Amino acid sequence: MVFRVTPPAKHAPSTLRPPPRPTPPLPPPSPASSLNPNMQRFHSFIRRRSPPPPITKLPLLLRLRHLLSLFSTAATATADDNNHVVSDLFSILSLPRWQSHPDLTRLLPTLTNSTISSLFSNPYLHPSAALAFFHFLPKQIPGFTHDSLSHINLMRLLIRLGRFGDAERIRVLMVRNCGDKEEAKCVLGFVMGEMRGREETVMDVRGWNNVLMMLGRVGLVEEMRRVWETMEEDGVEGNVYSYNTMVNGACKVGDVREAEGWVRRMRGVGVRPDGFTWTSLVLGHCRNKDVEKAREVFEMMSEKGCRRNEVAYNYLIHGVCEAGRVDEGMTLLRRMEAEGECRPNVRTYTVLISALCKVGRRREAMGLFDEMQGKGCEPNVYTYTVLIDSLCEEGNVVEAWKVLDKMLEKKLVPNVVTYNALIDGYCKQGEMDPALEIFNLMEQNKCTPNVRTYNELICGFCRVRRVSFAMTMLTKMTERKLTPNLITYNTLIQGQCRVDHMESAFRLLDIMKESGVRPDHYTYSILIDALCKGDRVEEARALFDSLHENGLEVDVVIFGALIDGYCKSGKMNCARFLFDQMLVKKCMPNSFVYNSLMDGLCGEGRMEEAVLLLKQMSDAKVTPTVFTYSGLIKGLLKEGSFDHAYRIYDEMISKGYKPDACIYTEFIHAYCRQGRMEEAEKLINEMTAASVVPDVVTYTVLIDGYGSLGLITRAIDMLKSMMDSECKPSHCTFSILMKHLLNKKQAQENGNSMHLNVVPIDVVNVWKLVDSETVMELIQTMDKHGCVPNLGTYTILIGELCRNGRIEEAQGLVSYMKQSGIRPDENITKTLMECCCRLGMLEEAFELVDSLVERGQLPSLDSYRMLICALYDKGSREKAEAAFCSLLRYGYNNDEVAWKLLIDGLLKKGLVDRCSELLQIMENKGCHPNSMTYSKLIEGVIGG
């Protein structure tokens, strides 16, 4: 029989089955009753609250509802596809030389365990072909392993046809390869049910021992007891291996009492405990955090005539190290070498190297690493991984990379833990390009990323505010059939909140719930905190009130987030009411809650109440923090109460607290406000003597102090000190400098005397008033004083100019920076592009998009939204669609594309038809959003 391969369909039909029927016309939209309960409620809400949509919205609305209904039939379609693949496989395996069949090569990438188990359940499949195919698959598909159901269905087939020897061998493989609790329970059900019920498949003690070991491996101690009872019912007597497995299983979960019970039973039937028995008890006591008892058993082993082997030593060394007694672990290593009962192995050294690294003794760890090699014990993957992880935790990713290179030179294959350690190290430093390089190296070396890999990358991208890239990682994660977990969604929600994309954060929350991942307290605390910071306190309160409906009790973190929000928005009465509510609900406030309330009271000048709250805090046994005192000192200094502020400062010192940069800065700021720069400088010297490093606020306050006195040169000198100490100036720093330059210029224009009708320029308006001449004066003055403007300087200046629509001044500054040998980076280019879009300079915006793409960088979705909306506003429909098609090629997350361009862009502007056209383009290109996103599109169409 000849098979025809038909490219390039996902499951290309072969001549094994009839050609597919023609696609039927689009069915009418499903009624609300066919939708899931959430959508039924939504439709009900729409009927009650919304007027009928205009005629122009109906085509898109109908198609959206139809697309949403397709999600309910997706499972059926997937099952049909699976059945077709199983049918094809059955036909191929019926041929004599099926291994070389071209259709098999086509099908291999699509195979899943579900497909294989369905295939093996076919009673007409030839057993020899089934066995051969079973062993063939793992060799052909990297990383493929059969699951328990595939094993079970194959065994059923073999048993049905009398191939009991083959079935027994598959059973042994199944038990040996079982990897988790769910699979173990599935295997146990089959063994205890179908296999036990047949005379031909009755197991002996060896078979039952294998089952016990499988259950012990995954910690199913209760199931182990059930198996033992079954053995007794069937008249199978346990041997020393059976009892040892029971002892070991209990010890692995720290249940020493259970394990000791098995030892007594063991002795009662005349089975003598051996070295494995006592070694397991050492493990059990260590798992139970009872290192002293573990040591007693360890020392007793020689009295029982059992040699202490390296496993017993390793368990005890690991136990004492986990208890923080690393030196004791090192002593055990030396005793192990001296007594000669056994030699330290790679695990012995790795455990100690890991323990030394965890307590910050990396130099000793490296010495032990060299020692083990000198004694002929070669480090393994885990040893190198421990060192790499330790170096990354210290932020020393360059050295960690060198260790990886050594590992590769030794022909050792890094595992997913090794790569994750390096990726996490780079992500924590915000160095995403090297992190992606490691990720790509990982895939090149056939090491499959896991959920943690993607979570680390998502966290890294969110940390540097590149949230669209983080969302892209979510897409790649799901494409690999990995399930996002609570950490994934919480990180993404926090990332969206950080860039003030609250609507996207709430859409992620909806997808999270729909995916079966339950939001926790941290999820809601992120959202409440972000709403408060965005001055949306009433929405935060509404979310707070909804928690009980979502099955969550409000905890101190969520109370704290909302109380802080009320305090920052000046609603102190609401904050105090919530504080009292905490006390009524027996939810004890922590230092953060007290600090928020004190900070709010200080901000309103209610200092007596703030000081009284400090006493209340002490009475409640809540330990004040440096921030507690900092808030009080700030409030007192703001009122000019230096003496009272210093009394609070002295109280803080007397309680053992050391002042931080924030507290010093409050005093410095107070002196600068009064023009007392000498006192401010003395405090800077005091900070240096106390090894407290001034931060960006400290330097900015001093720069403002000098500038207010007209001492521009001193202010620039302070900026140089700031940059020399590798403290990056902020937007505020340059705004203040620019303010003083403009005021100086204004004074000079008025003959150095400020007339009554001349108002000094403040920071709020400085970028609206600044001209190119003043900007260049700042750049040249900086250069003259030795603080050469760098990329960060230009990024801030250009950003502020663009935010205020000063595109010509920004472009002039870009030209100057290029002449100075500094190339504009991705952030500057995106800033210019967004400014051009806002000003309708679309040709210039397109040029900037092209320049980003040429450099391998991508514009943000916000930039694309602005560009596409501006093109539609100008009637450039074809260009808008071309830009949209372009962005779909770059792998953005489909949901985020729909949220930011279709919903937040076109639908908010009332461009329903344009939204429909772009959605059609997405569908044609296979870019399908989540069902929740389709719901949001329906909501947007009706509400628009």
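The structure presented is a predicted model; accordingly, all values stated were derived computationally and were not measured.

**Overview of the overall build of the chain**
Point 1. A count of helices and strands for the chain gives 50 helices and zero strands.
Point 2. Seen through its principal axes, the chain has C-alpha atoms that stretch 110 × 80 × 60 Å.
Point 3. Counting all 944 residues of the chain, 50% fall into the buried class.
Point 4. Nonlocal contacts in the chain, meaning residues at least 24 apart in sequence, comprise 63% of its contacts between residues at least 6 apart.
Point 5. Total accessible area on the chain is roughly 45,900 Å²; 52% of this is exposed by carbon and sulfur atoms.

**What about the packing of aromatic side chains?**
Point 1. Applying the stated criterion across every chain, the model contains 20 aromatic pairs.
Point 2. Three or more aromatic residues joined by ring pairs form one cluster here, namely W98, F133 and F136.
Point 3. The ring of F298 is capped by R308, whose NZ or CZ atom sits 5.1 Å from the centre of that ring.
Point 4. Just above the ring of F642 sits the side chain of R676; from NZ or CZ to the centre is 5.2 Å.

**Things to note about a positive patch on the surface**
Point 1. A surface patch of like charges, here positive, comprises R217, K252, R287 and R347.
Point 2. Examined against the element boundaries, R217 turns out to sit in helix α9 (residues 205-217).

**Considering helix α26 (residues 502-514)**
Point 1. Along its 13 residues, α26 runs 19 Å from first to last C-alpha, staying within 8% of the 18 Å computed at 1.5 Å per residue.
Point 2. When α26 is considered as a whole, its buried residues turn out to be M502, S504, A505, R507, L508, L509, I511 and M512.
Point 3. Phi turns positive, to about 90 degrees, at G516, one or two residues after α26.

**A closer look at a negative patch on the surface**
Point 1. Taken together, the side chains of E844, E847, D850 and E854 make up a negatively charged region of the molecular surface.
Point 2. If you trace the backbone, E844 turns up in helix α45 (residues 842-854).

**Structural notes on the packing of helix α44 (residues 826-838) against helix α46 (residues 861-873)**
Point 1. One can describe the packing of α44 onto α46 by two numbers: an axis separation of 9 Å at closest approach and a directional angle of 25 degrees. By the angle between their directions, the pair α44 and α46 is classed as roughly parallel. Here α44 runs over α46; the crossing is left-handed. Contacts from K830, M833, E834, C837 and R838 in α44 reach D862, S863, Y864, M866, L867 and A870 in α46.
Point 2. Grouping the constituent residues of the contact of α44 with α46 by class yields six nonpolar, one polar and four charged.

**Description of unusual backbone geometry**
Point 1. Non-glycine residue D535 carries a positive phi angle of around 60 degrees.
Point 2. Mapped onto the elements, D535 comes out in the loop between α27 (521-533) and α28 (537-545).
Point 3. Notably, S691 is not glycine yet its phi reads approximately 60 degrees, a positive angle.
Point 4. By secondary structure assignment, the location of S691 is in the loop between α36 (677-689) and α37 (696-708).
Point 5. A relative accessible area of 65% means that S691 is categorised as exposed.

**What to know about the environment of I648**
Point 1. Mapping I648 onto the fold places it in helix α34 (residues 642-654).
Point 2. Judged by its relative accessible area of 4%, I648 is buried.
Point 3. Once the C-alpha coordinates of I648 and L636 are considered, the two residues, twelve residues apart in sequence, prove to be 9.4 Å apart.
Point 4. Other than its neighbours up to four places away in sequence, I648 contacts Y629, L632, I633 and L636.

**A short note on the pattern of salt bridges**
Where side chains of opposite charge bring their charged atoms close, a pairing between them can arise.
Point 1. This structure, assessed with the given rule, holds 61 salt bridges.
Point 2. Within this structure, E292, R295, E299, R308, R325, E328, R335, E339 and E341 form a network of salt bridges that share partners.

**So, helix α41 (residues 772-784)**
Point 1. Under the 1.5 Å per step criterion, the end-to-end length of α41 is 18 Å for 13 residues, consistent within 8% with the ideal 18 Å.
Point 2. For α41, the secondary structure elements touched by its buried residues are α38 (712-724), α39 (731-749), α42 (791-803) and α43 (807-819).
Point 3. Immediately downstream of α41, the backbone of G786 shows phi near 85 degrees, a positive value.

**Describing the side chain of K900**
Point 1. For K900, the position within the fold is in helix α48 (residues 894-907).
Point 2. For K900, the side chain forms a polar contact with the side chain of H501, separated by 2.8 Å.
Point 3. Of the polar contacts made by the side chain of K900, one reaches the side chain of E896; its length is 2.9 Å.
Point 4. In contact with K900, not counting residues within four places along its chain, are S468, Q496, H501, S504, L861, D862, R865 and G905.

**Observations concerning the nonpolar core**
Point 1. Of all hydrophobic cores here, the largest spans 299 residues; its most connected members are F133, I353, I798, F884 and L887.
Point 2. If one sorts the elements of this core by residue count, α46 sits on top with nine residues.
Point 3. Each residue touching F884, except ones within four places of it in the same chain, is listed here: I868, V897, L901, L918, I921 and M922.

**Concerning the state of the cysteines**
Point 1. This structure, assessed with the given rule, holds zero disulfides.
Point 2. With no disulfide of its own, C377 has C342 as its nearest cysteine by sulfur position, at a separation of 12 Å.
Point 3. Take C662: it sits in no disulfide, and the sulfur closest to it among the cysteines is that of C602, at 12 Å.

**Some details on the packing of helix α18 (residues 362-374) against helix α19 (residues 381-393)**
Point 1. Following both chains from N to C, one finds α18 and α19 inclined at 160 degrees, their axes separated by 12 Å at the closest point. Taken together, the axis directions place α18 and α19 in an arrangement best described as roughly antiparallel. As α18 packs across α19, the resulting crossing turns out to be left-handed. For the pair formed by α18 and α19, the contact residues are R362, M366, F369, M372 and Q373 on the first element and T383, Y384, L387, S390 and L391 on the second.
Point 2. Across the contact of α18 with α19, the residue classes break down as six nonpolar, three polar and one charged.

**Section: the confidence of the model for the chain**
Point 1. Across the chain, the average pLDDT comes to 86, with 90% of residues at or above 70.
Point 2. Below a pLDDT of 50 lies the segment residues 754-758, which in the model reaches five contacts outside its immediate sequence neighbourhood of four places, other chains included.

Definitions and limits used
- Residues numbered from 1 in each chain as written.
- Predicted model: local features only at pLDDT ≥ 70, side-chain atom pairs only at ≥ 80, totals over all residues.
- Heavy atoms only, no water.
- Helix = DSSP H or I, 4+ residues; strand = E, 2+ residues; numbered from the N terminus.
- Buried < 20%, exposed > 50% of the residue type's maximum accessible area, 1.4 Å probe, protein only.
- Contact = heavy atoms within 4.5 Å.
- Areas by Shrake-Rupley, 256 points an atom, 1.4 Å probe, with all protein chains shown as cover.
- Phe/Tyr/Trp six-rings, centres within 6.5 Å; stacked < 30°, edge-to-face > 60°.
- Lys NZ or Arg CZ within 6 Å of the ring centre and 35° of its normal.
- Patch = residues over 30% accessible without salt bridge, like charges linked within 9 Å, V, L, I, M, F, W, Y side chains within 5 Å.
- Salt bridge = Lys/Arg side-chain N within 4 Å of Asp/Glu carboxyl O.
- Lys, Arg positive; Asp, Glu negative; His and termini not counted.
- Charge placed at Lys NZ, Arg CZ, Asp CG, Glu CD.
- Expected span 1.5 Å × (residues − 1).
- Axes fitted to C-alpha atoms, helices over the stretch in contact; angles between N-to-C directions.
- Parallel < 35°, antiparallel > 145°, perpendicular 65-115°, else oblique.
- Left-handed = near helix turned anticlockwise from the far one by under 90°.
- Nonpolar A, V, L, I, M, F, W, Y, C, P; charged D, E, K, R; others polar.
- Polar contact = N/O pair within 3.5 Å; in protein donor to acceptor, adjacent residues only side chain to side chain.
- Core = buried A, V, L, I, M, F, W, Y, C linked by side-chain atoms within 4.5 Å.
- Disulfide = S-S within 2.5 Å.
- pLDDT = per-residue confidence, 0-100.

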